[in-house]
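A closer look at the structure
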Protein chains: 2
Amino acid sequence: MNRVEPRTLSGFMELLPNEQILFNQMKEKIQKTYERFGFLPLDTPVIESAEVLLAKAGGETENQIYRFQKGDNDLALRFDLTVPLAKYVAKNYGNLSFPFRRYQIGKVYRGERAQKGRYREFYQCDIDIIGDGELDLINDAEIPSIIYTLFKELGFNDFTIKINNRKILNGLFESINQKDNSTEILRIIDKIEKIGKDAVIEELKKLNVKDEQINKIISFIEITGSSDEKIEKLENLGITNETYLKGINELKTVVQNVRLFGVPDSNFMVDLTIARGLDYYTGTVYETFLNKYRELGSVCSGGRYENLAEYYTDKSLPGVGISIGLTRFFYKLNELNIIKADRKSISDVLIIPVVEDLKEPIKLAADLRKIGVNTEVYLNDKKLKAKLKYADKLQIPYTIIIGEDEIKSNKIKVKNMETGESIETELSAEKIKEII
Amino acid sequence: MNRVEPRTLSGFMELLPNEQILFNQMKEKIQKTYERFGFLPLDTPVIESAEVLLAKAGGETENQIYRFQKGDNDLALRFDLTVPLAKYVAKNYGNLSFPFRRYQIGKVYRGERAQKGRYREFYQCDIDIIGDGELDLINDAEIPSIIYTLFKELGFNDFTIKINNRKILNGLFESINQKDNSTEILRIIDKIEKIGKDAVIEELKKLNVKDEQINKIISFIEITGSSDEKIEKLENLGITNETYLKGINELKTVVQNVRLFGVPDSNFMVDLTIARGLDYYTGTVYETFLNKYRELGSVCSGGRYENLAEYYTDKSLPGVGISIGLTRFFYKLNELNIIKADRKSISDVLIIPVVEDLKEPIKLAADLRKIGVNTEVYLNDKKLKAKLKYADKLQIPYTIIIGEDEIKSNKIKVKNMETGESIETELSAEKIKEII
């Protein structure tokens, strides 16, 4: 037989079971947290009509997209979860209640140049709150509290949610007559952490921004201090541009309310350099950093946008949302040994029968499952040594050997496979659950 | 602006939130049940190299596949979860423990002709047990116990798991010199429920099967009685073919052990007409029917195969597994009103603040979430009437209005939105949880 090499495409994550268990645990924590905050689940198709998916797209995105024909249809794979959301809300507008709070966790596709830690198929975990015509600013303050709760839930403490407002930046550029360049300038500023101040100045010069204007930009993004001090300094810069002032007011309100939502100042701060490259954000923007691992970049980002679905509907649908790129995040956490995939089995208990009649071992397994214990019975006819080797290799936390003696005496030993310790108890699911 | 119509492709399921909640509940029950039995999670890519994915495929499958170029790569979307499993086990053989028990729940893609209830993107929910070189027959008996537990968990009682063994059928055909036609004959027999006996005879005649042989086939598949009676009648047919006799022995053992695994005879039976069209099954085969809704066809099917991954490796990897086509199953259950998507919100509680300072409402929400209650705070500045309308429309089970009075008196009313009844209690998450 001609055999094909069993390979997985580069840029596609495929995990071993122990890693997959850990990945799923993280994914489930994200899902449960989103649900705790009342976000509704959504699951849109991976394939959409290319016309629908690319209604807005352009530039880099369009080059990366997986697009193909099937029959007469021009199809594409979704490259994010925001465009499908826009389509969904426009399509189902009459059937939804606003503010529409939805989460979606799913795979998206981008045919990027393959490199370490860059994925062509990856999970995004998104939430968005969409208003019908309007959406109060208080929603912008709830978002950081969700990020805060989530990262705590994921086991992190030392992280910072950075908050800014695009109106401040846009107003600044208007005030120095650089409005037309603002998208480009924002992209450059956004890189200051990565490339440094001098490189930013170089890039701004290439854009033909005058020295005087560059000085203003730099002195602006170099404003330091606590969140409140930064806001005060912004107010005292003497800029009277209306957008700028509106941005400061929004930022001030958001910061006050973020505290109200229980996020401590140690976990969030105003950062005036945060701009988010994407040009559809129009107000509050967020990025989240693990302080000890700045090299990960932002692990949870998003912001406020004026209009979600203008390419599909004339309804005004302002919103605010965030996204976590889980596949890359997981890869990095794993690579840096921040997380450890030490669980190789999904079973809590392995029952090893050393008896002809399997009735009792099978009954015990069924009883354990009923009270929520993941339980496996070693069914194959092997020597005891081989059975124990299986438990060892899979690192199943507890094993229970059941033979004639155990059944007769109604006593079994629950062996903790990590410590090697055995505890004797009754042959009863409830008693066993107490031990494990 | 030129707007694009926000449409979803035909053959792709996209649910409203209430339906999505129900769909996810079913999906989660399937996942949890698989985990209870110790199956490890897997999540392979949706896109694979076409060469890998089509190593075995042919005929109908190959025509339906989504296949496309990206750069120099010839790619395809997975059309089931079995081929990716075969690739995975062959690729990671050295890193897995056998028997390898894995589940995978994910979307697969088939470009079928679009018609009602037929999906081009649909979820499969698979489990498989893969042996290294050998896999004891007892595993074939555990599978029905998993189906049984799962369908009970999904709320069904009146269902039948039908069991057969392909060796019996193959042996029968050998004994009447129709071995070369066996795949074709199996396909025809498999349709007897759908097309009836006469049509089956007609189709067999077209295959040039002689009348005498047809009579043997028909009298075989018309064997009636209880599971044990059928097996006895098979033994007494006087067929001495070795494969046939081996099949009877396997079936007998499986039936005895299925009972041992706690599946009552009211939920399983031997059915000699079950063959499963696919030609890679080599032993036990399963189909599952909801007795009141036979029109759904089999809702959970599978069987034993000799060798999972022969196209990728020379290792012998026998296995047994089942699959649920969840998307179509859900569609049918919904269409026949067997399930009802009556939950429109994921929140258990909506807190409605009618107070300037949101501190107390937000604190209560955080406390409720901490003890596992999905809670939403109505944040937008609307009239009370609009806030209540939101709760009504989303059918959030409980609402709590918090104003100055409630905060001062430390007493709130928890309103059951279905009954309209209000219960007064303390402004405390624990007390509220007791009520809901």
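In terms of regular secondary structure, chain A is built from 17 helices and 16 strands. With the C-alpha coordinates of chain A rotated into their principal frame, the extents come out at 90 × 55 × 45 Å. Put simply, chain A has 436 residues, and 46% of those count as buried.

The next point concerns the relation of the copies chain B and chain A. Superposition of chain B onto chain A requires a rotation of 180° combined with a translation of 0.0 Å along the rotation axis, giving an RMSD of 0.1 Å. Here the two chains are linked by the operation of a two-fold rotation axis. Ranked by how close their C-alpha atoms come to the rotation axis, the residues of chain B are headed by Phe68 of chain B, at 3.0 Å. Both copies share a contact surface, since 99% of the interface residues of chain B are interface residues in chain A too.

Right, let's get into the sheet that holds strand 16 (residues 422-426) of chain B. Residue and element names in this part refer to chain B. Taken in spatial order, the 5 strands line up as 13-12-14-15-16 in an open sheet, and their pairing is mixed. In this open sheet, the two strands that pair with only one neighbour each are strand 13 (375-377) and strand 16. Within this sheet the neighbouring strands show an average axis-to-axis angle of 25°, counted without direction. In the sheet, strand 15 (residues 411-416) pairs with strand 16 via 5 bridges, with the strands oriented antiparallel. Paired with Val414 across the two strands is Ile423, which belongs to strand 16.

Below, the discussion takes up the interface of chain B and chain A. Each partner contributes to the interface: chain B provides 74 residues, whereas chain A provides 74 residues. With 6 residues, helix 1 (residues 17-36) of chain B is the single largest residue contributor to the side of chain B that touches chain A.

As far as domains go, chain A holds domain 1 (6-130 + 307-343), domain 2 (159-285) and domain 3 (349-435). Using C-alpha coordinates to define each centre, domain 1 of chain A is positioned 28 Å away from domain 2 of chain A.

Residue and element names in this part refer to chain A. Along strand 14 (residues 398-403), 5 of the 6 residues are buried, which leaves the element largely enclosed by surrounding structure. Judged from the 6 bridges that link them, strand 12 (residues 349-354) and strand 14 form a sheet pairing that is parallel. By the bridge assignment, Ile351 is partnered in strand 14 with Ile400. Taken together, the 3 bridges between strand 14 and strand 15 (residues 411-416) define a ladder with antiparallel strand orientation. Paired with Ile400 across the strands is Val414, a residue of strand 15.

Residue and element names in this part refer to chain A. It is the contact of helix 1 (residues 17-36) with helix 13 (residues 326-335), at a shortest axis distance of 11 Å, that shows an interaxial angle of 125°. When the axis of helix 1 is compared with that of helix 13, the two are oblique. In terms of crossing hand, the pair formed by helix 1 and helix 13 is right-handed. Facing Glu19, Phe23, Met26 and Lys27 of helix 1, the residues of helix 13 in contact are Leu326, Phe330 and Asn334. Grouping the amino acids of the contact of helix 1 with helix 13 by side-chain chemistry returns 4 nonpolar, 1 polar and 2 charged.

The rules behind each value
- Residues numbered from 1 in each chain as written.
- Chains lettered and ligands numbered in written order.
- Predicted model: local features only at pLDDT ≥ 70, side-chain atom pairs only at ≥ 80, totals over all residues.
- Helix = DSSP H or I, 4+ residues; strand = E, 2+ residues; numbered from the N terminus.
- Buried ≥ 20, exposed ≤ 12 C-beta atoms within 10 Å, placed from the backbone.
- Least-squares fit on C-alpha atoms with pLDDT ≥ 70 in both.
- Contact = placed C-beta atoms within 7 Å.
- Pairing = 2+ DSSP bridges.
- Axes fitted to C-alpha atoms, helices over the stretch in contact; angles between N-to-C directions.
- Domains from an automatic or database assignment.
- Parallel < 35°, antiparallel > 145°, perpendicular 65-115°, else oblique.
- Left-handed = near helix turned anticlockwise from the far one by under 90°.
- Nonpolar A, V, L, I, M, F, W, Y, C, P; charged D, E, K, R; others polar.

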